Amino acid sequence: MIFQQAIVSPLGPLIITSRRDLNERNIKGVGEAITAIDFVAEPDALAAPSALTEQAAKQLEAYFAGQLTQFDLPLAAAGTEFKQQVWQALCTIPYGTTVSYQTIANSIAKPKAVRAVGMANSRNPIAIVIPCHRVIGANGTLTGYADGLDKKEALLRLEGSW
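Taken together, three strands build an open sheet; the order of strands is β1-β2-β3 and the sheet is antiparallel. Edge strands, defined here as strands with exactly one partner in the open sheet, are β1 (2-9) and β3 (33-39). With direction set aside, neighbouring strand axes in the sheet form an average angle of 20°. As paired elements, strand β2 (residues 12-19) and β3 share six bridges and run antiparallel to each other. Residue pairing for β3: threonine 17 is matched across the bridge by alanine 36. Sitting on the sheet, helix α1 (residues 51-64) is in contact with β1, β2 and β3, with an inclination near 20° to β1.

Here is the structure:
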């Protein structure tokens, strides 16, 4: 089953999506995880929310209010093994800090994969919670953000790292 919930953030509307696979082991909801958080122009018709999408909405609201620095949500981003490695590395970047794409490549033991790290970073389906916005160019400049450099800069300013 897919669940969705829209919230209005200071940077525009967000859609939170979660999925729960219905099978014998988790029919009561065990196993539900956030699969996407997307900036949208306007929310289209959405699937019903769940307790987990509501929890994510509350955490995002607390984050934007400056009251939350670390998310506590089950995540299930769909992607290749390499993308999964990059996204896991992104989750280790502390709130209020930035790192370079090279730092992420080094952390996954693929120091020559800087461009591939950038591509995986740009394909992150769970904005903000998987903090791809904390990755900047080696020279300290803002580079690439799928939702626009203005949003990236605003997120870094919120966290006090820009």
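On to the layout of surface pockets, then. Here the largest pocket is characterised by a volume of approximately 260 Å³. Looking at the largest pocket, it is lined by 15 residues, and the ones nearest its centre are Gln70, Phe71, Cys91, Val129 and Arg134. Each residue belonging to the lining of the largest pocket can be placed in one class, and the counts come to 10 nonpolar, three polar and two charged. Roughly 190 Å³ of internal volume is contained in the second largest pocket. In terms of lining, the second largest pocket is formed by 14 residues, of which the most central are Asn121, Ser122, Cys132, Ala146 and Asp147.

Turning our eyes to something else, we now look at the side chain of serine 18. With respect to the helices, strands and loops of the structure, serine 18 is situated in strand β2. A relative accessible area of 0% places serine 18 in the buried class. Within the local environment of serine 18, its side chain forms a polar contact with the side chain of glutamate 32, the two groups lying 2.6 Å apart.

The subject of this paragraph is the pairing of β1. Bridging between β1 and β2 involves eight bridges; their strand directions are antiparallel. Bridge pairing in β2 places isoleucine 2 opposite arginine 19. Counted along the chain from β1 to the antiparallel partner β2, the turn is two residues long.

We now examine the pattern of salt bridges. Taken as a whole and judged by the stated rule, the model has two salt bridges. A salt bridge links glutamate 159 to arginine 134; the nearest nitrogen and oxygen atoms lie 2.8 Å apart. Highlighted residues: glutamate 159 in helix α5 (residues 149-159) and arginine 134 in the loop between α4 (114-122) and β5 (135-136), separated in sequence by 25 residues. Between arginine 157 and glutamate 153 there is a salt bridge, with the nearest N and O atoms lying 2.7 Å from each other. Of this pair, arginine 157 and glutamate 153 both sit in helix α5, separated by four residues, roughly a single helical turn. Classification of arginine 157 as partly exposed rests on a relative accessible area of 48%. Of the residues examined, glutamate 153 reaches a relative accessible area of 27% and is grouped as partly exposed.

What counts, and where the lines are drawn
- Residues numbered from 1 in each chain as written.
- Predicted model: local features only at pLDDT ≥ 70, side-chain atom pairs only at ≥ 80, totals over all residues.
- Heavy atoms only, no water.
- Pairing = 2+ DSSP bridges.
- Helix = DSSP H or I, 4+ residues; strand = E, 2+ residues; numbered from the N terminus.
- Axes fitted to C-alpha atoms, helices over the stretch in contact; angles between N-to-C directions.
- Contact = heavy atoms within 4.5 Å.
- 1 Å grid on protein atoms, 1.4 Å probe; cavity = no way out; pocket = protein on both sides within 12 Å on 5 of 7 lines; lining within 4 Å.
- Points joined across faces, edges and corners; volume = space filled by probe spheres on them.
- Nonpolar A, V, L, I, M, F, W, Y, C, P; charged D, E, K, R; others polar.
- Buried < 20%, exposed > 50% of the residue type's maximum accessible area, 1.4 Å probe, protein only.
- Polar contact = N/O pair within 3.5 Å; in protein donor to acceptor, adjacent residues only side chain to side chain.
- Salt bridge = Lys/Arg side-chain N within 4 Å of Asp/Glu carboxyl O.

Remember that the coordinates give geometry; whether it matters functionally is a separate question.
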